[in-house]
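Structure at a glance
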Amino acid sequence: MSISRVGALEAPAAAAPVEIDPLLGRFRDRTAKIGVVGLGYVGLPLLMAAAERGFPTLGFDIDAGKVEALNGGGSYIQRIAPARVAAMRAASRLEATSDFARLGEADAVLLCVPTPLTRQREPDLSFIVGTAEAVARTLRKGQLIVLESTTYPGTSREVVRPILERGGLASGRDFFLAYSPEREDPGNEAYGTRDIPKVVGGDGDAAQRLACAMYGEIVTRTVPVSSLEAAEAVKLTENIFRSVNIALVNELKLVFEAMGIDVWEVIEAAKTKPFGYMPFYPGPGLGGHCIPIDPFYLTWKAREFDLATRFIELAGEINTAMPRHIVDKLAEALSERHGRALKDARILILGVTYKKNVDDMRESPALKIMELLEKRGARLIFHDPLLTEIPPTREYPEFAGRRSVGLDAATLGNSDAALICTDHDAIDYTLVVGNCPLVVDTRNACARHGLVRDNIVKA
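Residues numbered from 1 in each chain as written. Predicted model: local features only at pLDDT ≥ 70, side-chain atom pairs only at ≥ 80, totals over all residues. Heavy atoms only, no water.

A closer look at the overall build of the protein chain
Secondary structure summary: the protein chain contains 15 helices and 13 strands in total. The C-alpha radius of gyration of the protein chain comes to 25 Å, within 12% of the 23 Å expected for a compact globule of 459 residues. In terms of overall dimensions, the protein chain has C-alpha extents of about 100 × 55 × 45 Å along its principal axes. For the protein chain, with 459 residues in total, the buried portion stands at 51%. Distance between charge centroids for the protein chain: 1 Å, based on 54 positive and 60 negative side chains. (Helix = DSSP H or I, 4+ residues; strand = E, 2+ residues; numbered from the N terminus. Rg over C-alpha atoms; globule rule 2.2 N^0.38 Å. Buried < 20%, exposed > 50% of the residue type's maximum accessible area, 1.4 Å probe, protein only. Lys, Arg positive; Asp, Glu negative; His and termini not counted. Charge placed at Lys NZ, Arg CZ, Asp CG, Glu CD.)

As structure tokens, this is what we get:
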């Protein structure tokens, strides 16, 4: 009997792909349920934006404290007012849970989980992998899964998709996979989540259409690109651009400093040119989740193609070296002006969050500076008007639980030096300069407030 005549040996017909029109309709009339995994500085604003546009939303987080706060109508992020959360709870459009078995309830699941580096400065995808595995356990036909976490090109296709397909469902036929990089800018009053266009890359045309339809109801505009990998590359390009330019001005600061030139004055003059120049500013090091980390995701992936990313790595080296330069500058100023060493010096750190006017501690260079100062024997206290207590961090667990001190004349007078790491507007710089014997300013905060005194040193 020939094989061709044995029907049992013939390949079964492929299952028909899921029809996307019903889900497109639910996105457009905003009845589809939006799930967001990871309710931090990216996930919570996204969840709120969807809820406030009329979608029913379900947020997922392993932190029971966050879940309890949201379900109680509260907030743990400065820029998300509790009243907004309470309004969405009252309208029955927002719920949070730690029960990941409920992932199947959502029509779209947006993954907003951390992507840190290992100690060897290689990508740590453990949060993406763990979340994808949780989604896979409840994955059902017709769901849209979107990764928003910053990562290297190829992660969605090579890491996330195989995990989701382990149960037999296929991307593009049974469920739909897309990538849309987060573009949050904490503290930016001009551009909130809804105002920032969303770049979208899909695993096939259907995924692209679905993701654009969903985001199109939440944000001002969607920007479709040709592939998952192109979308992943967009985010890296945006942050590498910033990293390289910040490294440039940090290096210029060192050069101009040796020449007796104020880099801040130079930048202010240069930015009056109406074309061909964009101002970037030096600082004590890079902070936030993206800029200190993202370039290393691309350099790691580039090695797979036997390519060296020398320009990007050099920028990383310059920026990573800035905390040591700041500590050396502080030590030099203490020695030259007051004849004392860093050992046993009383140092007041002003601002420990990574960016002015935000309560975000992620990758803050202040923590590295504090570590270096304590290794050299300095005695530290800190004041941050936006942070009562330093939270646990992976890199600096020894600082967890340290509390902000009040800022008054006595505290300043009892300090040998104040080091401005983060230039929050709520800090009284006149009080600082008028009462502390030495003020080392890494952000040009004193000059911006019109303060010119002999006890101020720019660093």
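Quick look at the environment of Val-67
Within the secondary structure layout, Val-67 lies in helix α3 (residues 64-71). Separated by 120 residues in sequence, Val-67 and Gly-187 place their C-alpha atoms 23 Å apart. If sequence neighbours within four positions are ignored, Val-67 has contacts with Asp-61, Ala-96, Thr-97 and Ser-98. (Contact = heavy atoms within 4.5 Å.)

Notes on the sheet that holds strand β2 (residues 57-60)
Strand order in the open sheet formed by eight strands is β3-β2-β1-β4-β5-β6-β7-β8, and the pairing between neighbours is mixed. The open sheet has two free edges, formed respectively by β3 (94-97) and β8 (222-224), since each of these has just one partner strand. With direction set aside, neighbouring strand axes in the sheet form an average angle of 25°. Both strand β4 (residues 108-111) and strand β5 (residues 144-147) contribute to a ladder of four bridges, which runs parallel. From the neighbouring strand, Leu-110 faces β5, where its bridge partner is Val-146. Here helix α6 (residues 155-164) sits on the sheet in contact with β5 and β6 (176-179), set at roughly 150° to β6. (Pairing = 2+ DSSP bridges. Axes fitted to C-alpha atoms, helices over the stretch in contact; angles between N-to-C directions.)

Section: the packing of helix α5 (residues 126-138) against α6
Where α5 contacts α6, the two axes come as close as 8 Å, and the packing angle between them is 35°. Handedness of the crossing formed by α5 with α6: right-handed. Counted together, Ile-128, Val-129, Ala-132, Glu-133, Val-135 and Ala-136 of α5 and Thr-155, Val-159, Val-160, Ile-163 and Leu-164 of α6 form the full contact between these two elements. Of the residues assigned to the contact of α5 with α6, the class counts are nine nonpolar, one polar and one charged. (Left-handed = near helix turned anticlockwise from the far one by under 90°. Nonpolar A, V, L, I, M, F, W, Y, C, P; charged D, E, K, R; others polar.)

Re a nonpolar patch on the surface
Nonpolar side chains collect at one region of the surface, where Val-255, Met-259, Ile-261 and Val-266 lie side by side and expose about 320 Å² of accessible area between them. With respect to the helices, strands and loops of the structure, Val-255 is situated in helix α8 (residues 228-258). On the basis of relative accessible area, Val-255 is assigned to the partly exposed category, the value being 37%. (Patch = residues over 30% accessible without salt bridge, like charges linked within 9 Å, V, L, I, M, F, W, Y side chains within 5 Å. Areas by Shrake-Rupley, 256 points an atom, 1.4 Å probe, with all protein chains shown as cover. Salt bridge = Lys/Arg side-chain N within 4 Å of Asp/Glu carboxyl O.)

Structural notes on the packing of α8 against helix α10 (residues 294-302)
Relative to each other, α8 and α10 sit at 115°, their axes nearing to 8 Å. Here the hand of the crossing between α8 and α10 comes out left-handed. Across from Lys-235, Leu-236, Asn-239, Ile-240 and Ser-243 in α8, the residues of α10 making contact are Asp-294, Pro-295, Tyr-297 and Leu-298. Here the contact of α8 with α10 is built from residues that sort into five nonpolar, two polar and two charged.

Here we look at the sheet that holds strand β11 (residues 417-420)
Here five strands make up an open sheet; going across it, the order is β10-β9-β11-β12-β13 and the pairing parallel. Pairing within the sheet leaves two strands with one partner each, and these edge strands are β10 (379-383) and β13 (456-458). Taken pair by pair, the neighbouring strands of this sheet meet at an average axis angle of 25°, ignoring direction. In this structure, β11 lies alongside strand β12 (residues 439-441), joined through three bridges in parallel fashion. Opposite Ala-418, over in β12, you have Val-439 as the bridge partner. Strands β9 (346-350), β11, β12 and β13 of the sheet are contacted by helix α11 (residues 310-338), whose axis makes an angle of about 145° with β13.

Side note on the pattern of salt bridges
Applying the stated criterion across every chain yields a total of 34 salt bridges. With a shortest N-O distance of 3.6 Å, Lys-33 and Glu-105 are connected by a salt bridge. Of this pair, Lys-33 sits in the loop between α1 (21-28) and β1 (34-37) while Glu-105 sits in the loop between β3 and β4, and the two are 72 residues apart along the sequence. Taken together, the shared-partner salt bridges connect Arg-157, Arg-161, Glu-165, Asp-203 and Glu-229 into one network.

With respect to the nonpolar core
Counting 44 residues, the largest nonpolar core has Phe-27, Ile-34, Leu-110, Leu-144, Leu-210 and Met-214 as its most contacted members. No other element matches the eight residues that helix α7 (residues 205-216) contributes to this core. If you look at the next biggest cluster of nonpolar residues, it comprises 39 residues, including Leu-111, Leu-125, Leu-139 and Leu-236. (Core = buried A, V, L, I, M, F, W, Y, C linked by side-chain atoms within 4.5 Å.)

Just geometry here; none of it tells us what the structure is for.
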